[in-house]
Amino acid sequence: MNFQGLRVEVAGRIARVTIDHPPLNLLDAVLLRELSRLARRLAELGDDVRVVVIDSADPEFFVAHLDVGMLSTIGDDPEASVGSFQDLMGRYRALPQVTIAKIAGRLAGGASEWILNLDMRFAVRGRAVFNQVETGLGIVPAGSGSQLLPALMGRARALEVILGHDDVDAETAQLYGWVNRTLDADACDAVVERLATRIADLPLALIAGVKRAVDAGAPDLGPGLATERAVIAEAVTDPYARQRIAAFLAAGGQTRAGEVSLGELVGPGHVRQ
Amino acid sequence: MNFQGLRVEVAGRIARVTIDHPPLNLLDAVLLRELSRLARRLAELGDDVRVVVIDSADPEFFVAHLDVGMLSTIGDDPEASVGSFQDLMGRYRALPQVTIAKIAGRLAGGASEWILNLDMRFAVRGRAVFNQVETGLGIVPAGSGSQLLPALMGRARALEVILGHDDVDAETAQLYGWVNRTLDADACDAVVERLATRIADLPLALIAGVKRAVDAGAPDLGPGLATERAVIAEAVTDPYARQRIAAFLAAGGQTRAGEVSLGELVGPGHVRQ
Amino acid sequence: MNFQGLRVEVAGRIARVTIDHPPLNLLDAVLLRELSRLARRLAELGDDVRVVVIDSADPEFFVAHLDVGMLSTIGDDPEASVGSFQDLMGRYRALPQVTIAKIAGRLAGGASEWILNLDMRFAVRGRAVFNQVETGLGIVPAGSGSQLLPALMGRARALEVILGHDDVDAETAQLYGWVNRTLDADACDAVVERLATRIADLPLALIAGVKRAVDAGAPDLGPGLATERAVIAEAVTDPYARQRIAAFLAAGGQTRAGEVSLGELVGPGHVRQ
């Protein structure tokens, strides 16, 4: 399959998606368009693909985060713009296939929200670094993060990671339930491979049935997503967000040199001076 | 008290139930009938029993799983058959007493669902092995497992254990919240004994009041259980499930030699060749 | 700011509250009144305070628990009395600021419920000890504990800590999600300081927006709190509770010597002889 910024190979009913969008796997307009195409393609493939395993070609960046440039062009109707991002997230949540992320390198902001909408996450010890960075840019998570993080880790830990806008290591991510498990690189490969192979051995109808049963007991995300849209619409149109994003870019945001210290970069020392 | 496959002794308002149903503590028609009798008897006993501690006489098998032979005789109305299993689970959930499982050995499938409907679970390190095995047999958990596993461990980990149909060790079970805690054998005995003794010191009305308050805040399981019934009714009547169960039995399912490697036995290597 | 039993200092938009109410930081009528004043004062301060960090001046007692003397004077309408305690808890839950507890020493009963209504909790390894002690006194948690503990740690672990009325160490508290994390004393100071400083760098409107979005997806606590009130109204008017509280006080309850072994003190050995 032919994608830009993504390499996709299908074998044994497993689609292997490698994010390869230099220089830092930024979730920009190109990657968003391709993720939308990928979701549509997976839905079309039906039982030909039962499991999707997603990793990154870049050892330091899994996916950096949403391109902050998109925030400045969010336009007259921010709730609608955010709504279309939420819709893309929802399309991943609704896939009949099982989606699994194998995370090494950094994953932050809106890109973290995309991965939260996959079915399972495994992290590589010492290499995966998470940062729900939005508040450090004067905004809030609005791609379902305010709903899915509390569901995974409880209110207290979700508030910590959302409001702290700080780096979270892979061990803490496992303790908090942000990922299923944190493993050494070799073990992570082996565990994900064994799991994917076992699930790919099941008919898609059975997989989808399990997901339907599990989700039947889950609360409706609608009201929470609506509040997310309202809250970000206020934040993103405030001059404070523009100022904070400008300071972030001036300090090295969206460059490799800056983003390898993302937690520092958006903290009080740098951005707010 | 006189049960078949269960040894039950009551002393100090604690009922000690030991599952002793050779050759592998299979949850068959006999054991199901006795579990139904036990639930009724406990309800009758009222304050004479305040705590129920359940363990196994077999060091390798806590309870193997539901007898797959029962699936082939599920009859014309699978939703009704499954509904009666769900009802038995619900009777354990509704007991006024506190039920505690002390798990060493293997616990899988429908038997795991029974234990999920108890109030607390403690596992012995290095000995307890869990497997929510149903998808490996072409079916899905339908004794409330699709609802209770996500409530305990979150959606991502629940999907992993349900769709992976693989062995889960006691350490992972503790990390995931499948059990309250995983402890060395001696510590597990001591912790459960101390806890049971403390709770047995409380009037049943107080115990039941706590359970009522805790459950008042829990979501209604009804819609999720209905979806479970619909999903299994489709799966169990599909020839695929019959084929997969036949392959399981041919490869050594429901024998001790086969079941000690349950994860392998239902995996792609064995069943699907 | 001038409080009795609390030292409060504000600098850098962080309010540092140190509980200093000898001899054992008992949550008595004085401290309850001051907590009510503090909540009102924080609401008035608005953006002048963005983060509230709460610790204790007493290395052995964070806050002991609710003064059991208040239970004997609960009066003709116990549901109303409990309702006013629940309301105080709700006022902390509703603060726009972020509230963080840094827990060393003991924390039990109604005082534990107060801390459960804060946004985040960090515990000092080897020093913090938790005990949801109410059932050991013949009553039940009724300041939202029966609702917030299951939300943080799941039903099984919540039933264990509520019905076990036993000491829970800081490691177990971290495993169960009772606290965000358990850290050595120095690391705990550093982590909380860094987190508080980062959050204090955000406008209160942004903080409050995040809390609003997160809480929009949470279930309504109302029905559970009503059941809590009904259950405690029954328990607290039963002679059994009076007898159990009298035995607790006779054995050393509400003295430092007795309370340092709270788990033992309310267990079968002491209280029920």
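Look a little higher up for the structure.
Report follows, based on the coordinates. (Residues numbered from 1 in each chain as written. Chains lettered and ligands numbered in written order. Predicted model: local features only at pLDDT ≥ 70, side-chain atom pairs only at ≥ 80, totals over all residues. Heavy atoms only, no water.)

### Quick notes on the overall build of chain A
- Helices and strands together make up the secondary structure of chain A, namely 13 helices and 10 strands.
- Here the C-alpha radius of gyration of chain A, 18 Å, is about what a compact globule of 273 residues would show, namely 19 Å.
- Seen through its principal axes, chain A has C-alpha atoms that stretch 55 × 40 × 40 Å.
- Sorting the 273 residues of chain A into buried and exposed places 63% on the buried side.
- Excluding contacts between residues fewer than 6 apart, the proportion of contacts in chain A whose partners are at least 24 apart in sequence is 76%.
- Looking at chain A as shown, the accessible area adds up to about 9300 Å², and 53% of this sits on carbon and sulfur atoms.
- Here chain A contributes 27 positive and 35 negative side-chain charges, whose respective centroids are spaced 5 Å apart. (Helix = DSSP H or I, 4+ residues; strand = E, 2+ residues; numbered from the N terminus. Rg over C-alpha atoms; globule rule 2.2 N^0.38 Å. Buried < 20%, exposed > 50% of the residue type's maximum accessible area, 1.4 Å probe, protein only. Contact = heavy atoms within 4.5 Å. Areas by Shrake-Rupley, 256 points an atom, 1.4 Å probe, with all protein chains shown as cover. Lys, Arg positive; Asp, Glu negative; His and termini not counted. Charge placed at Lys NZ, Arg CZ, Asp CG, Glu CD.)

### Notes on the relation of the copies chain B and chain C
- The transformation that overlays chain B on chain C combines an axial shift of 0.0 Å with a rotation of 120 degrees, and the residual RMSD is 0.0 Å. This pairing of chains is accounted for by a three-fold axis. Every residue of chain B has its C-alpha some distance from the rotation axis, and the shortest such distance is that of B:L175, at 4.4 Å. (Least-squares fit on C-alpha atoms with pLDDT ≥ 70 in both.)

### Structural notes on the interface of chain B and chain A
- The interface of chain B with chain A comprises 35 residues on the first partner and 32 residues on the second.
- Taken over both partners, the interface formed by chain B and chain A buries close to 2700 Å², and the fraction arising from carbon and sulfur atoms is 59%.
- Counting the surface chain B buries against chain A, the share from its top three residues, B:R155, B:E160 and B:L163, is 24%.
- With a closest N to O distance of 2.5 Å, A:R181 and B:E160 form a salt bridge. (Buried area = accessible area lost by both parts, 1.4 Å probe. Salt bridge = Lys/Arg side-chain N within 4 Å of Asp/Glu carboxyl O.)

### Looking at the interface of chain B and chain C
- Contacts between the two partners involve 32 residues from chain B and, on the opposite side, 35 residues from chain C.
- Both sides together, the interface formed by chain B and chain C hides about 2700 Å², and carbon and sulfur atoms give 60% of it.
- For the chain B face of the interface with chain C, the top three residues by lost area are B:R198, B:D201 and B:V214, together amounting to 23%.
- Seen at the junction of chain B and chain C, the total is 8 salt bridges.

### Quick word on the side chain of A:D166
- With respect to the helices and strands, A:D166 occurs in the loop between α5 (145-164) and β9 (168-169).
- At 2.6 Å, the side chain of A:D166 and the side chain of C:R194 are in polar contact.
- With near-sequence residues (within four places) excluded, A:D166 lies in contact with A:F130, A:N131, A:G263, C:R194 and C:R198. (Polar contact = N/O pair within 3.5 Å; in protein donor to acceptor, adjacent residues only side chain to side chain.)

### A short note on unusual backbone geometry
Residue and element names in this part refer to chain A.
- Here the amide bond leading from P22 into P23 is cis, since omega sits at 5 degrees, within 30 degrees of zero.
- Tracing the chain through its elements places P23 in the loop between β2 (14-19) and α1 (29-45).
- At Q254, a position not held by glycine, the phi torsion is positive, near 65 degrees.
- Checked against the element boundaries, Q254 lands in the loop between α10 (239-250) and α11 (256-259).

### Re the sheet that holds strand β6 (residues 106-108) of chain B
Residues and elements named next belong to chain B.
- Sheet architecture is open: 4 strands sit in the order β4-β6-β8-β9, paired in mixed fashion. At either end of the open sheet lies a strand with only one pairing partner, and these are β4 (61-63) and β9 (168-169).
- Along the sheet, helix α4 (residues 109-116) makes contact with β4, β6 and β8 (129-131), crossing β6 at roughly 95 degrees. (Pairing = 2+ DSSP bridges. Axes fitted to C-alpha atoms, helices over the stretch in contact; angles between N-to-C directions.)

### A look at the packing of aromatic side chains
Residue and element names in this part refer to chain A.
- Counted according to the given criterion, the structure contains 6 aromatic pairs over all chains.
- Centroid distance Y92 to W114: 5.7 Å. Interplanar angle 80 degrees. Geometry classified as edge-to-face. Taken as a pair, Y92 in helix α3 (residues 78-93) and W114 in helix α4 (residues 109-116) lie far apart in primary sequence, 22 residues in all.
- On the basis of relative accessibility, which here comes to 2%, the residue W114 falls in the buried class. (Phe/Tyr/Trp six-rings, centres within 6.5 Å; stacked < 30°, edge-to-face > 60°.)

### Points about the packing of α5(A) against helix α8 (residues 204-216) of chain C
- Interhelical geometry of α5(A) versus α8(C) gives an angle of 160 degrees and a closest axis separation of 10 Å. With respect to α8(C), the axis of α5(A) lies roughly antiparallel. Remark: the crossing between α5(A) and α8(C) carries left-handed chirality. For the pair α5(A) and α8(C), the contacting residues are A:S146, A:Q147, A:P150, A:R155, A:L159, A:I162 and A:L163 in the first and C:I207, C:V210, C:K211, C:A213, C:V214, C:D215 and C:A216 in the second.
- For the contact of α5(A) with α8(C), a count of residues per class yields 9 nonpolar, 2 polar and 3 charged. (Parallel < 35°, antiparallel > 145°, perpendicular 65-115°, else oblique. Left-handed = near helix turned anticlockwise from the far one by under 90°. Nonpolar A, V, L, I, M, F, W, Y, C, P; charged D, E, K, R; others polar.)

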